[in-house]
Structure formats: structure tokens, C-alpha cells
Amino acid sequence: MRTRIARLLAILTAVLAAAFTTTGEARAADNWNPPSNLAQPLNEVWNHVESTYPNLYGFRNYGWDQVMANRGSINYCVRWESDAPVSTALRDQIHAALKKQWGKWMTAMLDNGTGTNSWPYTSVPVNIVGWAVKDRATLQWTDNSVDIYAGNLDSGGAPQCAPDCGRFFHQDGNYSRCPGGVTRHYDQSLWLTKGFQGGAGGDWGQRVGQEYFTGALAQENIHIYLHEVGHTFGLDDFYDWTPTGQCCFLMKAGSATQITDFDKWMLRDFWRHLKSRYGL
């Protein structure tokens, strides 16, 4: 009897130890440690997202999905809906600004240069693979550094890069009909429209005013564009409510002009809830 009891106790001890170890590993893997003053508003935001997004976990074309599919990079098409000429210098300035601004969101995913909560990339290169215009003469360069789509218009008459090369149209990753193949596909569009006010953003990219974006190239934060990139990663708008204790942050339009700590932790929280789809 004593032997049987001893064996039972040994088994029970092993089971409890395994359970404790498993729980400890799960907690360590999650690494969710927002500042204490942000815990409640972050929970409020995620509860709101879960109750209002119609296909939160089934949707598979967030910015997260695009970066992961590309193994750590993102490709852009510039939709130049304007008759203003584009010099080689302006083209390169737009690319530089795009890389800098996108990089601000990616930096928010780092702690001391390391990806937070299993985020696998310390930097995410941004490539512009195509420009779309109504008239080729608008683009004042002759090199072949990017693909040029002239006169390829959508149903609303706006220039667009080839749909055969766009992830929005081919979320299965099949770019077999794209002339340049997968390396020349684009994940998002930077849609610059003459006279456009405000902004729009989603899995397809971001749309802002052409005059606004080019006039803000030297600014540290092109805040309307940054706000719209937040939507690309799934972050919500806050038109009709405000999380507890938070007055001013980028995703609450008009209340901040740069990514705040609260924006950063909302981004991280979105990743935390989606990372398991990538086996992380």
C-alpha cells in the first residue's frame, strides 16, 4: 500500500510540475507587459474591436499578413492621380519619405532593437515597384527602376498599377499573370490624389492629397499618412468614443500628429492576438 501511495504521489507531483512548467512557458511566450496605466484602455479597445469587426480573425489581408507573406518586406505602387510633373528627385524623395514613415510603425514593434512578443523582424524594407499615371509624360525620368503603368485606369478613372500584380486582387499570392512576377507585385498603393482632403486607409493601402503629401516630405511626421497606415494594420478609428484616460493619440484623428505610446501598444496588442496564425 505504501508503495502504491508513493507511486501515486510521484505521478501527481510530475503532473503538477508539468502543468506549472507549461503555464510558465505560455506566459513567457506572450510577453505582454504594457504600462499599468494603459492596461484598462487597451482592454477596452480590444473588447470594442472584437464586438464591432465583422470578420476580425477570419480576415487575412492585414498589413501583418502582407509583411509575413513577403518574409519581412512590403511593396508599394504609387498611384499619381495628378497632372503635376514628377521629377527623378521628387520620385526619390517620395520613396524616402515612405520608408521613413512606414518605419515609424515598425519601430513601435521593437524593444531595444529586438522584436517584441515574437515579432520576427527588426526592420521592414519598403520597395516602390511601380508608378501609375494617366499620361506617361507626367513622369520626367527614363530609367527603368520602377514599372510604369500609363493610362491603366480603374472604374472611377484613376490611374492604377496592374491588378494582375496587386495583392488586394490576389490574396492567394498567385502573381503568375503579373509581367514581373512575384518580385514586382505590390501589396499596397500610395494613392496621391490632387485636391483630396483628409485620408483613407485599409488593406489596399493609403490615400491622401497629392499636395499634402509632397508638401510634407520634409516633416518628421506625415501624420495623416501615418494614421491611415494604422488602419492597414487593423487599428480602429475613435470617432464616437475614447478609451479611459486617453485624450490624444494618432488613431483618434485630429488629436495627435505622431505615434504615441498608446498607439504603439494598440499595435502590439493587435499583433498579440493575431501572431498565432503564423505559428508564433
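Source: prediction; values computed, not measured.

## Re helix H2 (residues 36-52)
- The end-to-end C-alpha separation of H2 is 25 Å, in line with the 24 Å expected for 17 residues at 1.5 Å each.
- Residues of H2 that are buried: Leu 38, Pro 41, Leu 42, Val 45, Trp 46 and Val 49. Along the long axis of H2, the arc covered by the buried residues comes to 140°, so they all point the same way. In H2, the exposed positions that point more than 90 degrees away from the buried face belong to Ser 36, Asn 47 and Ser 51.

## Section: the confidence of the model for the protein
- For the protein, the average pLDDT comes to 91, and 90% of its residues sit at 70 or higher.
- Within the model, the stretch residues 1-28 combines pLDDT values under 50 with zero contacts to residues more than four positions away or in other chains.

## Details of the state of the cysteines
- Under the criterion given, the structure shown has two disulfides.
- Each sulfur in the disulfide pair Cys 165 and Cys 178 lies 2.1 Å from the other. Of note, the bridge from Cys 165 to Cys 178 carries an S-S torsion of about 95° and is right-handed in sense. Here Cys 165, found in the loop between strand E7 (147-150) and strand E8 (188-193), pairs with Cys 178, found in the loop between E7 and E8; they are 13 residues apart in sequence, far enough to count as distant. Across the pair, exposure class does not vary: Cys 165 and Cys 178 are buried alike.
- Each disulfide in the protein links cysteines that, numbered along the sequence, combine into the pattern 1-2, 3-4.

## A look at unusual backbone geometry
- The residue Arg 71 is not glycine, and still its phi comes out positive at about 60°.
- By secondary structure assignment, the location of Arg 71 is in the loop between helix H3 (63-69) and strand E1 (74-81).

## Here we look at the sheet that holds strand E9 (residues 199-202)
- Pairing in this open sheet of six strands is mixed, and the strands run E7-E5-E1-E8-E10-E9 from one edge to the other. Both outer strands of the open sheet, E7 and E9, are each paired with one neighbouring strand and no more. With direction set aside, neighbouring strand axes in the sheet form an average angle of 20°.
- The pairing of E1 with strand E5 (residues 126-133) spans six bridges and is parallel. If you follow Cys 77 over to E5, its bridge partner there is Gly 130.
- Against the sheet, helix H4 (residues 88-107) touches E1, E5 and E8, its axis set at about 135° to E5.

## Some words on helix H6 (residues 223-232)
- Of all the ten residues making up H6, eight are buried; the element is thus mostly covered by neighbouring parts of the structure.
- After H6 finishes, the residue Gly 234 shows a positive phi value of roughly 100°.

## A few points about the packing of H4 against H6
- For the pair H4 and H6, the least separation of the axes is 10 Å and the interaxial angle reads 50°. What the angle tells us is that H4 and H6 run oblique. Handedness of the H4/H6 crossing: right-handed. Seen from H4, the contacting residues are Leu 98, Gln 101, Trp 102, Lys 104 and Trp 105; seen from H6, they are Tyr 225, Leu 226, Val 229 and Gly 230.
- A breakdown of the residues in the contact of H4 with H6 according to their chemical character gives six nonpolar, two polar and one charged.

Rules behind the numbers
- Residues numbered from 1 in each chain as written.
- Predicted model: local features only at pLDDT ≥ 70, side-chain atom pairs only at ≥ 80, totals over all residues.
- Heavy atoms only, no water.
- Helix = DSSP H or I, 4+ residues; strand = E, 2+ residues; numbered from the N terminus.
- Expected span 1.5 Å × (residues − 1).
- Buried < 20%, exposed > 50% of the residue type's maximum accessible area, 1.4 Å probe, protein only.
- Arc of directions from axis to C-beta.
- pLDDT = per-residue confidence, 0-100.
- Contact = heavy atoms within 4.5 Å.
- Disulfide = S-S within 2.5 Å.
- Pairing = 2+ DSSP bridges.
- Axes fitted to C-alpha atoms, helices over the stretch in contact; angles between N-to-C directions.
- Parallel < 35°, antiparallel > 145°, perpendicular 65-115°, else oblique.
- Left-handed = near helix turned anticlockwise from the far one by under 90°.
- Nonpolar A, V, L, I, M, F, W, Y, C, P; charged D, E, K, R; others polar.

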